[in-house]
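Chain residues, written in single-letter form:
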Amino acid sequence: MSKRGAFIAIEGLDRSGKSTQASALIKRLEAANVPCKHIKFPDRTTPIGKMIDSYLQSKTELDDHVIHLLFSANRWELASSIVKALEEGTTVVCDRYAFSGIAFSAAKVLPRETTSKDGDSTIPIPTHVLSYEWCRAPEISLPAPDLTFLLEVSPEKAESRGGYGEERYENKEVQEHVRQVFDRIGEEIESSGVGKWVVLDADLDKDEVEQSVWDEVKPFIEHMGVSGPVRKLW
Ligand code: Z5A
Ligand code: MG
C-alpha cells in the first residue's frame, strides 16, 4: 500500500495561535515537497457554516444541542473528502477539529450557578448544560487525526492578542472550563491509542512554537506509520 497522508489537527483555546501555526506548518510542508491541504473548522462557507457563523456573532440564538450538532455536521460534510485526500497521499492540516466541538459544548454551564453552603462560605457548583458523553457521541467515527497539537495559552497572553472577546465563548470563565475538557480529551486520546496528543506552550514566540510543531511533524511524516488505513475517532 502506498504511503498515505498524515492527518494533523491543531487545537487549543482562543487566541492560542492555531491559525498562525496551521499556516506556518503548511508552508513548511510545501517547502519539504509534502503534498498538503489546509482545512479549518468551523468551515463558515457552507450553508451549515453560515448558520454557525451567525450564531458565533450573536446574530441568531440556537438551542445548545442544535448548535453542537451543527458544528458536528459541518465536520461530517467534509469527512469523506478528508479521507480521500489522505488516501491519495495528501497530508491534511486541520485548524480546530472534533475536540473543539466537544470541549466548547461540554464546557457550557447554566448562567446561574447553584451554590452549596460550606460553613460560612458559599461554593458555586457549575451545572453543565450538555454532558461530555452526549457531546462526544456525534463525533464518533469521524476520521481520527494521527497527530493532534493542543496549544496551551495563558489567559493573560490570550487577552493581549488581537480580536479577543469579540465572539461568543471569548471570556476567561468559558475558556477555563474548555481547558479542563481539553485535558480530559487528551487523556482519552492517549489511552485509546487512536492518535498522538502533543501539548505545546503557546505563550512562547510564534517562531518557537512553529519550530516545536515542526520538530514533531518532520519525523512523524518521515518515519511514522501513516501507511495504515485512516483510523476513526474512538
Ligand atoms: N467552536 C465550537 O464551539 N465548536 C466546534 O466544533 C468548533 C469551534 C470547531 C470560533 O472558532 C469559535 O467556535 C471558537 C470555538 C468554537 N470560540 N472560541 N473561543 P474559530 O476557530 O473560527 O476562532 P478564531 O476566530 O479563528 O480564533 P482562534 O481560533 O481562537 O484564534 P487562533 O487561531 O488560535 O489564533 P491566531 O488567529 O493564529 O492568532 C491570534 C492573534 O495572535 C494574531 O494576531 C496572531 O498574530 C497573534 N499570535 C499568534 N501566535 C502568537 C504568538 N505565539 N505570540 C504572539 N502573538 C501571537
Ligand atoms: Mg483561528
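The residue numbering used here restarts from 1 in each chain and proceeds along that chain's sequence as written. As a convention, the first chain written is A and the first ligand written is 1, with the rest following in written order. Owing to the predicted nature of the model, reporting of local features is limited to residues with pLDDT of at least 70; listing and counting of side-chain atom pairs is limited to 80 or more, with chain, interface and lining totals taken over all residues.

An unreviewed UniProt entry lists the protein chain under the name dTMP kinase, with Somion occarium as the source organism. UniProt positions are given in the numbering used here, feature names are shortened, and annotations may be inferred rather than shown by experiment. Of the comments in the UniProt record for the protein chain, the one headed Sequence similarities (unreviewed entry) reads "Belongs to the thymidylate kinase family." Of the comments in the UniProt record for the protein chain, the one headed Pathway (unreviewed entry) reads "Pyrimidine metabolism; dTTP biosynthesis."

*Asks:* Pulling in residues and values, what's your account of the site of ligand 1?
*Replies:* Around ligand 1 there are 25 residues in total, and G17, S19, T20, G101 and F104 lie nearest to it. In the shell around ligand 1, the residues fall into eight nonpolar, eight polar and nine charged. Nearness between a residue and a molecule or strand is assessed with a C-beta atom placed from the backbone; a distance within 6 Å qualifies. Here the term charged refers only to Asp, Glu, Lys and Arg, the term nonpolar to Ala, Val, Leu, Ile, Met, Phe, Trp, Tyr, Cys and Pro, and the term polar to all other amino acids, Gly among them.

*Asks:* Any chance you could break down the environment of H177 for me, citing the residues and the numbers?
*Replies:* Here H177 is to be found in helix α7 (residues 172–192). Residue classification places H177 among the partly exposed positions, given that 18 C-beta atoms sit within 10 Å. A C-alpha to C-alpha distance of 40 Å links H177 and N33, two positions 144 residues apart in sequence. Contacts are defined on C-beta atoms placed from the backbone: any two residues whose C-beta positions lie within 7 Å are in contact. In this structure H177 touches A107 and V109, once residues within four positions along its chain are discounted. Strands here mean DSSP runs of E at least two residues long; helices mean DSSP runs of H or I at least four residues long; both are numbered from the N terminus. Three exposure classes are used, based on other C-beta atoms lying within 10 Å of a residue's own C-beta, which is placed from the backbone: buried for 20 or more, exposed for 12 or fewer, and partly exposed in between.

*Asks:* Tell me about the sheet that holds strand β3 (residues 91–95), and please be specific about residues and values.
*Replies:* Two strands make a pair as long as DSSP finds a minimum of two bridges between them. The parallel open sheet is built from five strands, whose spatial order is β2-β3-β1-β6-β7. Of all strands in the sheet, those with a lone pairing partner are β2 (36–40) and β7 (196–201), marking the two edges. For this sheet, the mean inter-axis angle between neighbouring strands, taken without regard to orientation, is 20 degrees. For strand β1 (residues 7–12) and strand β6 (residues 147–152), the ladder comprises five bridges, and the chain directions are parallel. Its bridge partner being in β6, A9 is matched across the sheet by T148. For helices, the axis comes from a line fit to the C-alpha atoms of the stretch in contact; other axes are also lines fit to C-alpha atoms, and the angle between any two N-to-C directions lies between 0 and 180 degrees. Those strands touched by α7 are β1, β6 and β7, and its axis lies near 140 degrees from that of β7.

*Asks:* So what's going on with the UniProt feature "domain: Thymidylate kinase-like" (unreviewed entry) in the protein chain? Which residues, and what values?
*Replies:* Mapped onto this numbering, the UniProt entry annotates "domain: Thymidylate kinase-like" (unreviewed entry) at residues 10–110 and 134–212. Taken end to end, residues 10–110 has its terminal C-alpha atoms 28 Å apart, with 56% of it in helix and 13% in strand. Secondary structure within residues 134–212 divides into 47% helix and 15% strand; the distance between the first and last C-alpha atoms comes to 34 Å.

*Asks:* Can you tell me about the nonpolar core, naming the residues and giving the values?
*Replies:* If you look at the biggest cluster of nonpolar residues, it comprises 45 residues, and the most contacted ones within it are I8, V92, C94, I102, A103 and V181. Here the element with the most residues in this core is helix α4 (residues 98–106); it accounts for six residues. Residues contacting V181, with those up to four places away along its chain left out, are I102, A103, A106, A107 and Y132. For the purposes of this analysis, a nonpolar core is taken to be any set of buried Ala, Val, Leu, Ile, Met, Phe, Trp, Tyr and Cys residues that are connected through C-beta atoms within 7 Å.

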